[in-house]
Amino acid sequence: MKLILLGAPGAGKGTVAKLLTQLDGSVQISTGDILRAAVAAGTELGKKAEAAMKAGDLVSDDLIMGIMSERLKQDDCKNGYLLDGFPRTIPQAEALTKMLADMGEKLDAVVNIDVPRDVILDRLTTRRTCTKCNAIYNVKSNPPKVEGVCDKCGGPVVQRDDETEQAISNRLDVYNQKTAPLASFYEKAGMLMTVTATSSDTVIAAIKSKLGIK
Ligand code: ADP
Ligand code: ZN
């Protein structure tokens, strides 16, 4: 399947994407994960993205489109992909539309995961992430078995740099201003499905039913 996962920070895009990859071999493509890896490795890309990310601002459309035009050409995209955190602005969405048309590809749907703001805030402040494999934990609802150690790969599980109260509040404002308008963009294109749910299982069930997957 080829899907865009739309939703505020903390809506569960990453968790849903990871679960969907188990259904049909599609790959999760998270621009946030790609950028964090670049920052950790100290690459040119990482240096350009670091300050904006730490403040909870968006990285420039040019950088993002550069990453995605390369990424979508890779072989593992043949079985489908789940775009997690991309596109995030109208210019990115327009550029993606053009890129897919040039590649002769078509998305199945754009899934808008709609979660109440109080749930989002609570989740973001309690979220922890493995810096090695990007597994997502929650100190309250889903802690790793050993504190600070990833169950899956043994890597360090930490609070992200942009998960301070200040950066979280900025990320939510940026989402409302820049990314929320994508819902009507894709609604007009006849591609939007909105799922209002706080459990990833409910979101998965809605997507399966929409795409006719058993
Ligand atoms: P979340 O959805 O939880 O906010 P992500 O991991 O998707 O987090 O993104 C983390 C940060 O990476 C964003 O706050 C932003 O700085 C940057 N980023 C990720 N994807 C994009 C994108 N498509 N356009 C611009 N910036 C991006
Ligand atoms: Zn891990």
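Visitor: Would you explain the sheet that holds strand β2 (residues 27-30) in this entry?
Guide: Picture the strands of a sheet paired through backbone hydrogen bonds; they go either parallel or antiparallel. Overall, parallel pairing links the five strands, which are arranged β2-β3-β1-β4-β8 in an open sheet. Among the strands making up the open sheet, the edge pair consists of β2 and β8 (192-196). Ignoring which end each strand starts from, the neighbouring axes of this sheet average 20° apart. Here strand β4 (residues 109-114) pairs with β8 via five bridges, running parallel. Residue pairing across strands places Asp-114 opposite Thr-196, the latter belonging to β8. On the sheet, helix α1 (residues 13-24) packs against β1 (2-6), β2, β3 (81-84) and β4 and is oriented at approximately 175° with respect to β3.

Visitor: What's the story with the site of ligand 1 in this structure? I'm lost.
Guide: Contacts to ligand 1 come from 19 residues, most closely from Thr-31, Arg-36, Asp-57, Arg-127 and Arg-171. At a separation of 2.9 Å, a nitrogen atom of ligand 1 approaches a polar side-chain atom of Gln-92. Arg-127 places a polar side-chain atom, nitrogen or oxygen, 2.8 Å from an oxygen atom of ligand 1. When ligand 1 is considered free in solution it has 550 Å² of accessible area, and contact with the protein chains removes 97% of it. Take the shell around ligand 1: its biggest share by element is four residues, from helix α2 (residues 31-41). Of the residues contributing to the shell around ligand 1, the split by class is seven nonpolar, four polar and eight charged.

Visitor: Quick question: what am I supposed to make of the nonpolar core here?
Guide: Generally speaking, a soluble globular protein has its nonpolar side chains buried in company with each other. By size, the foremost hydrophobic cluster in this structure holds 53 residues, and its most contacted members are Leu-72, Tyr-81 and Leu-83. With five residues, helix α4 (residues 61-71) is the largest single contributor of residues to this core. Beyond its immediate sequence surroundings of up to four residues, Tyr-81 is in contact with Met-1, Lys-2, Leu-3, Ser-26, Val-27, Ile-29, Leu-72, Leu-100, Glu-105 and Leu-107.

Visitor: It is not clear to me how the coordination of the zinc ion (ligand 2) should be interpreted in this structure. Could you clarify?
Guide: At 2.3 Å from the zinc ion (ligand 2) lie its protein donor atoms, namely Cys-130 (SG), Cys-133 (SG), Cys-150 (SG) and Cys-153 (SG). One can describe the donor arrangement at the zinc ion (ligand 2) as tetrahedral, given that its four donor atoms subtend angles of 100 to 113° at the metal. Between consecutive donors of the zinc ion (ligand 2), the numbers of intervening residues give the motif C-x2-C-x16-C-x2-C. Given the relative accessible area of 4%, Cys-150 is considered buried.

Visitor: Help me understand the pattern of salt bridges in this model?
Guide: Any two side chains of opposite charge can pair, on the condition that their charged atoms come close. Within the structure shown, the criterion is met by 14 salt bridges. Residues Lys-2 and Glu-105 are paired through a salt bridge, measuring 3.7 Å at the closest nitrogen-oxygen approach. Taken as a pair, Lys-2 in strand β1 and Glu-105 in the loop between α5 (90-103) and β4 lie far apart in primary sequence, 103 residues in all. Of the charged contacts, one joins Asp-162 and Arg-160 as a salt bridge, the two residues approaching to 3.0 Å between their closest N and O atoms. Of the residues examined, Arg-160 reaches a relative accessible area of 15% and is grouped as buried. Linked by salt bridges that have partners in common, Arg-127, Arg-160, Asp-162, Glu-163 and Arg-171 make up one network.

Rules and cut-offs
Residues numbered from 1 in each chain as written. Chains lettered and ligands numbered in written order. Predicted model: local features only at pLDDT ≥ 70, side-chain atom pairs only at ≥ 80, totals over all residues. Heavy atoms only, no water. Pairing = 2+ DSSP bridges. Helix = DSSP H or I, 4+ residues; strand = E, 2+ residues; numbered from the N terminus. Axes fitted to C-alpha atoms, helices over the stretch in contact; angles between N-to-C directions. Contact = heavy atoms within 4.5 Å. Near = heavy atom within 4 Å. Polar contact = N/O pair within 3.5 Å; in protein donor to acceptor, adjacent residues only side chain to side chain. Areas by Shrake-Rupley, 256 points an atom, 1.4 Å probe, with all protein chains shown as cover. Nonpolar A, V, L, I, M, F, W, Y, C, P; charged D, E, K, R; others polar. Core = buried A, V, L, I, M, F, W, Y, C linked by side-chain atoms within 4.5 Å. Buried < 20%, exposed > 50% of the residue type's maximum accessible area, 1.4 Å probe, protein only. Donors = N, O, S within 2.8 Å, 3.2 Å for Na, K, Ca; no water. Tetrahedral: all angles 85-135°; square planar, octahedral: opposite > 155°, others 65-115°. Salt bridge = Lys/Arg side-chain N within 4 Å of Asp/Glu carboxyl O.

No statement about biological role is implied by the geometric values presented.
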